[in-house]
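Read off the chains here:
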Amino acid sequence: MQRWDSYVAIGDSTTEGLEDLHDDGGYRGFADRLAEHIASAQGSLLYANLAVRGRKAAEVRQEQLPVALEM
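Okay, so let's go over this structure. (Residues numbered from 1 in each chain as written. Predicted model: local features only at pLDDT ≥ 70, side-chain atom pairs only at ≥ 80, totals over all residues. Heavy atoms only, no water.)

## Considering the environment of glycine 11
Within the fold, glycine 11 resides in the loop between strand S1 (6-9) and helix H1 (13-16). Accessibility expressed as a relative area gives 10% for glycine 11, which makes it buried. Glycine 11 sits 20 residues away from alanine 31 along the chain, and the two C-alpha atoms are 9.9 Å apart. Beyond its immediate sequence surroundings of up to four residues, glycine 11 is in contact with Ala51, Val52, Arg55, Val60 and Gln64. (Helix = DSSP H or I, 4+ residues; strand = E, 2+ residues; numbered from the N terminus. Buried < 20%, exposed > 50% of the residue type's maximum accessible area, 1.4 Å probe, protein only. Contact = heavy atoms within 4.5 Å.)

If you want it as structure tokens, here you go:
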């Protein structure tokens, strides 16, 4: 099985989880759910979600990608 030490999500509101309600009333999008699944399957995972609603591809590339690559 492939082991993932870390996962950094970048993107817009879809990645952020906007309108993807969790049972507690907060947001929990696909990136959070994927990270939770990986961590559960392998025991641990370092995870960060850098997504910001409203960001366009060029902004994601310019603002989030360099930070994600450093992580």
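From this point on, the discussion continues.
## Side note on the pairing of S1
Burial along S1 is one-sided: Tyr7 and Ala9 are buried, while Ser6 and Val8, pointing the other way, are not. With four bridges connecting them, S1 and strand S2 (residues 46-49) associate as parallel partners. Counted as the bridge partner of tyrosine 7 is tyrosine 47 from S2. (Pairing = 2+ DSSP bridges.)

## So, the side chain of glutamine 64
Here glutamine 64 shows up in helix H3 (residues 57-70). Of the residues examined, glutamine 64 reaches a relative accessible area of 4% and is grouped as buried. In this structure the side chain of glutamine 64 is engaged in a polar contact, spanning 2.7 Å, whose partner is the backbone nitrogen of glycine 11. Every residue in contact with glutamine 64, bar those within four places of it in the chain, is listed here: Ile10, Gly11, Leu50, Ala51, Val52, Arg55 and Glu59. (Polar contact = N/O pair within 3.5 Å; in protein donor to acceptor, adjacent residues only side chain to side chain.)

## Notes on the pattern of salt bridges
Scanning the entire structure with this criterion turns up four salt bridges. A salt bridge links arginine 53 to glutamate 16; the nearest nitrogen and oxygen atoms lie 3.0 Å apart. One end of the pair, arginine 53, is in the loop between S2 and H3; the other, glutamate 16, is in helix H1, and 37 residues separate them in sequence. Assessed through its relative accessible area of 23%, glutamate 16 is described here as partly exposed. (Salt bridge = Lys/Arg side-chain N within 4 Å of Asp/Glu carboxyl O.)

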